[in-house]
Amino acid sequence: MMQWTERANDLWKRYCEDVRALLKGTEADAEEVIEDVQRHIEAEMSGAGVITEEDVRRITSRMELSASQVIAENREPRSGTGKAVSSIAWEASKRGGRKQPAAVIIITILFGIMLPIGAAAVELLTGICAAVFFDPLPTWWYVLLFMLLPASNLVCLAVIWNSSKEYADKAGYLNGAGLGAAIIYTIMFIPILPISALATIVYGLGLCGMAPLLGLIATVLVRSRLRHLRLGEGTGKLAGLWSGMAASGVLLLIAVLPGFFTHLGVQMALSESPAARAKGVRMLRAVGDEKRLLEMCYREGRGFGNNMFYSLMFDGSIPTRDLRGVYYLVTGRAFNTMAPPKAGFRAQGMFEDWDFEQGGEETGGQMRHLSLISSRMDGSIDADAALGYTEWTMVFNNTGSVQQEARAQIQMPAGAVVSRLTLWINGEEREAAFGSRGQTRQAYESVVRRQRDPVLITTAGPDRIMMQCFPVPPRGGEMKVRVGITVPLELVKGDEGVFVLPYFNDRNFKIGKEVRHTIWMESKRPILRWTGVEIANGGDDRKADGVIRGSVAHSALKPGAGIVLERDDSTARAWATDTMAGGDDLVIQDVEPVLRKGVHEVVVVVDTSAGMAKVIGQVQEALSAAQPDGGVKVVAAGDEAEVVADGIAGIRNLSISAGKDNVPALELAWDLASEDEGGVILWIHGAQPHVFKPLEGLRQRWERRPAGPVLIDLQVAAGPNKVVEGLDGVSQVVSLGRTGEVGEDISLLLRRWRGEVPTFEKVRRRVGIEEKPSDSAKETSSHLVRLWARDSVERMRCEGGRENLDEALRTAVRYQLVTPVSGAVVLETAAQYKAAGLEPVDPETVPTIPEPEVWALLAIVAVVLVWVVLKDRRRVRIA
Amino acid sequence: MGELFDNWTVQARKGILELAVLSALSSRERYAYELVRLLVDIPGLGVSEGTIYPLLSRLRVQNLVAARLVESTEGPARKYYNLTGEGRKTLAMMRGYLESVLKGVMTLGEGKEQP
């Protein structure tokens, strides 16, 4: 076997190419001729051992393949000079100018390999097409399908370049697959081809949109060269066209099918027919693509429109809100408890920082670059007066490239009210203005539009507030806000009060695992323990002094998390001077233990969604242990509402999974509970992030029967509750104040209903100075006044009527409270306040920690100390 | 004038080359390289080494010659060509045709008319 140098090989390959081209159209077998010439060279050089480039050039030049003499009897010489065609071609090849192959190679490299790879990379990194038109690469399967195009061209080009005739057939199959992929994507891109072409011509941009078409052209050329390599001028066909295309078709099916079932399921789940809806949800639970569904939830306003195949097959006009409802039904979770899904390297591409719900009233999806990086709760508690005050200070950070709005729904303790809102602007604290709900929101939205510094708090259903802060500056910028909440204590026993901690129900920012909420609470009474929450470094040794300092994990802030304090059972009355109304009136609170035995029948509605899985055992045990005298009916809120035949015993057999619409079960429960006077509905449920139809059915029941059954809302886990939000203003709907684990709270409630333990009712009223309580009553802070004002606003709102509502608003603004009729907003400048018709509160009137009374005490102590020191000095001087 | 002659020789060589190859193989089989060296030495035939190979390939495709590879101790395997039956018939026809044509053409110069 002779050895050929590398350069000799290169030259030989080029020569072979020319021979093939030259013998095109003749009866001679080009490959045979090539073999013969090679044998000739090796025979001639047999003594040399190594064949060099020069040897190849010398011998092949000598044996010029003269067309004029031998190539074909039907071919005439090209010129009268008789110069051999082969000679021209060969000389050209020696200069590297093989024209036709070179053109094919350049086209293939540029449009068949580089452009498709570049287009895919741009799309994966930026998601620009997905954001503007449709998503061409929604999953890795699609990426694989598209990459068949450049990959096949790359391999086939290598085969052509090396004249590897033996691989030509195999390359033909790969080329067929690449051709299939190119055709699929060319069809997909047809609608935007004109735009791409125009953009390319006018701006020099837009080639990516043309990548499939140009790739298709290149792939066809490659096939032609492959065919020539394999068959010369013969009339046969190159293998692999149909089978290769079929392979890419199969890949397309694999890519499309999970999404197909998902989209079909969604379409059915949102159809008019209840049977189809149920089938659709079942299909999605069984074979739906959860990630795809989540992606659709995050693509605000796009429905199916971001996928060409699905938008061709399905109606693409489905509102994102409905898709989010379907996501809940399928998974049992609110969509925004999950981060936006990634598709390859990108989240939602270059538009991932776009917040479609900015300035709106919905929390919306999680923003990838927005996070809570610091959280602290400071509080002071007056256990004897059964109230406390906490300030929750939060710092948000935005690592994205555009300004972001942080939004969160905060669950407050039952009966609590927001009484302070502070924003740090350029390091300075700015207090909020309180005004009507509409007025504050309008001021906020107007400033958000101008991208300045506001923060807004409004209520979002009973004991829930919506907080919106804008803008959290981009590129690592921070925004710091503080929410002050006046909290009534939950009294489990006469000598114990529980300070329930607020927590997030819903948010559009991340909270890293490393973030802990630092807590510093102080009370004049000893702290007994904490419930439902583990406070690290809580300082057990300081509990007796009424101090808790420590931190809690974010996951620990949930319903039932609180601090249990000792209180003086004999302090039945507390009072405070109402300085905020500008007079000497007092607000008095009486804590009255009431033993109740009026509950005849309880209808328990048990949500069967996944959020109940951890507590369903506790629920069943607690209900079994202390059944109300009037008996219990259990309604299961499943895919359909139904009465559980076995009652409480049947709870264990309920299938707990996915998400369930609880409204039909609540309607059924209302009908059952209203059969008896004094009926009560106890609704035990997980998060309810979606309402699937207007709540008019329920509202109508209570509006027509205002004294109808009381609905006690017991939510077992943090999360939004759109049903309760929708029933805001219905006085018969009340939240159960959580003070411990679900089972404990149910037991306590049932024992109260059975009359075994009292309910401690806090009755607050405003009286004149002449009714000043006796010395045994406890004087407390102005938070008592705020709690009374909150009660008043609530009462007037429920009574309705223009006058009542106006008075409710005046009361809320006077006492600086966020209520259903009022909001709080911090603006940046006095001009903005003036434009909005608002006035920020006097910093002297806002609640603080320690309480003003404590500051006053400290001031008195300081004055006394100064007096003592001065007196001592005088005494020394005299001496 | 020179150009006319060049063109004429090209036309003349076209058919003669095939006849020459078939004739060279009529006595015994020859390997390609040997055949090339034999024909290259014929003056006026004006054949280059490279011209022979496409021609042999075409003749093989047309079933006028057959080829076989024989291992060689002196170098690479040799490809031996020989005439097929069809090749022999064609050779005979070519020779007969050429002889009669040449004979007729030559007599024109000697002033003898064809009957």
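Conventions we followed
- Residues numbered from 1 in each chain as written.
- Chains lettered and ligands numbered in written order.
- Predicted model: local features only at pLDDT ≥ 70, side-chain atom pairs only at ≥ 80, totals over all residues.
- Heavy atoms only, no water.
- Phe/Tyr/Trp six-rings, centres within 6.5 Å; stacked < 30°, edge-to-face > 60°.
- Buried < 20%, exposed > 50% of the residue type's maximum accessible area, 1.4 Å probe, protein only.
- Lys NZ or Arg CZ within 6 Å of the ring centre and 35° of its normal.
- Axes fitted to C-alpha atoms, helices over the stretch in contact; angles between N-to-C directions.
- Helix = DSSP H or I, 4+ residues; strand = E, 2+ residues; numbered from the N terminus.
- Parallel < 35°, antiparallel > 145°, perpendicular 65-115°, else oblique.
- Left-handed = near helix turned anticlockwise from the far one by under 90°.
- Contact = heavy atoms within 4.5 Å.
- Nonpolar A, V, L, I, M, F, W, Y, C, P; charged D, E, K, R; others polar.
- Pairing = 2+ DSSP bridges.
- Core = buried A, V, L, I, M, F, W, Y, C linked by side-chain atoms within 4.5 Å.
- pLDDT = per-residue confidence, 0-100.
- Salt bridge = Lys/Arg side-chain N within 4 Å of Asp/Glu carboxyl O.

### A look at the packing of aromatic side chains
The final tally for this structure, using the stated rule, is 13 aromatic pairs over all chains. Between W4(A) and W12(A) the ring centres are 5.6 Å apart and the planes differ by 50 degrees, which places this aromatic pair in the tilted class. Geometrically, the ring pair formed by F504(A) and F509(A) is edge-to-face, given 5.4 Å between the ring centres and 80 degrees between the ring planes. A relative accessible area of 0% means that F509(A) is categorised as buried. Ring pairing ties together the aromatic residues W392(A), F396(A), F504(A) and F509(A), which thus form one cluster. Its end group placed over the ring of Y31(B), R78(B) keeps NZ or CZ at 4.2 Å from the ring centre.

### Quick look at the packing of helix α2 (residues 30-44) of chain A against helix α3 (residues 53-62) of chain A
Residues and elements named next belong to chain A. Close contact between α2 and α3 brings their axes to 11 Å; oriented N to C, the two are set at 120 degrees. Comparing their axes, α3 and α2 come out oblique. As α2 runs across α3, the sense of the crossing is right-handed. Here α2 contributes H40, I41 and E44 to the contact with α3, which in turn contributes R58, I59, T60 and R62. Each residue belonging to the contact of α2 with α3 can be placed in one class, and the counts come to two nonpolar, two polar and three charged.

### A look at the packing of helix α8 (residues 140-161) of chain A against helix α12 (residues 241-269) of chain A
Residue and element names in this part refer to chain A. In the contact formed by α8 and α12, the axes pass within 8 Å of each other and the chain directions differ by 160 degrees. Judged on the interaxial angle alone, α12 and α8 are roughly antiparallel. Regarding α8 and α12, the two cross each other, and that crossing is left-handed. Of α12, the residues touching α8 (which contributes W141, Y142, L144, L145 and L148) are S248, L251, L252, I254, A255 and V256.

### Some words on the sheet that holds strand β28 (residues 759-767) of chain A
All names here are of chain A. Ordered by their spatial adjacency, four strands build an open sheet running β28-β21-β20-β29, and the pairing between neighbours is mixed. Two strands in the sheet have a free side with no partner beyond their single neighbour: β28 and β29 (778-779). Where strand β21 (residues 586-594) lies against β28, nine bridges are found, and the strand directions are antiparallel. If you follow Q589 over to β28, its bridge partner there is R764. Along the sheet, helix α24 (residues 783-799) makes contact with β20 (573-577), β21 and β28, crossing β28 at roughly 95 degrees.

### Points about the side chain of T459(A)
Among the structural elements, T459(A) can be located in strand β9 (residues 455-459). T459(A) gets classed as buried once you look at its relative accessible area, which sits at 7%.

### Focus: the nonpolar core
Core analysis: the largest hydrophobic core is formed by 70 residues, its most contacted members being M394(A), F396(A), M467(A), V483(A), F499(A), F504(A) and F509(A). Apart from the residues within four sequence positions on either side, F499(A) is in contact with I381(A), G388(A), Y389(A), T390(A), V487(A), L489(A), M521(A), A561(A), G562(A), I563(A) and L565(A). Counting residues in each nonpolar core, the second largest holds 45 residues, with C16(A), V65(B), Y80(B) and Y81(B) among its members.

### Focus on the confidence of the model for chain B
Of all residues in chain B, 90% attain a pLDDT of 70 or more, and the chain-wide mean is 81. Interface confidence for the predicted complex, expressed as ipTM, amounts to 0.82; the pTM equals 0.67.

### Structural notes on the pattern of salt bridges
Residue and element names in this part refer to chain A. This structure, assessed with the given rule, holds 55 salt bridges over all chains. Ionic pairing is found between E429 and R482, a salt bridge with its closest N-O pair at 2.8 Å. Taken together, the positions of E429 in strand β7 (residues 428-431) and R482 in strand β11 (residues 477-488) put the pair 53 residues apart, joining distant regions of the chain. Among the residues examined, E429 registers a relative accessible area of 42% and is labelled partly exposed.

### Looking at the sheet that holds strand β23 (residues 632-637) of chain A
Within a sheet, neighbouring strands are paired by backbone hydrogen bonds and run either parallel or antiparallel to one another. All names here are of chain A. Taking strand neighbours across the sheet as the criterion, the six strands line up as β24-β23-β22-β25-β26-β27 in an open arrangement whose pairing is mixed. Whereas interior strands pair on both sides, the edge strands pair on one side only; in this sheet they are β24 (641-643) and β27 (733-735). The sheet shows a mean angle of 25 degrees between the axes of neighbouring strands, taken without regard to direction. Sheet topology places strand β22 (residues 602-607) next to β23; six bridges connect them, and they run parallel. What sits directly across from D607, in β23, is A637.

### Points about unusual backbone geometry
Residues and elements named next belong to chain A. A cis geometry characterises the amide bond from F470 onward to P471, with omega recorded as -5 degrees. Tracing the backbone through its elements, the reader meets P471 in strand β10 (residues 464-472). A positive phi angle, close to 60 degrees, is found at A386, a residue other than glycine. Mapping A386 onto the fold places it in the loop between β3 (370-382) and β4 (387-398). Overall, the relative accessible area of 0% leaves A386 in the buried class. In this model, N426 sits at a positive phi of 50 degrees, which is unusual for a non-glycine residue. Tracing the backbone through its elements, the reader meets N426 in the loop between β6 (417-425) and β7.

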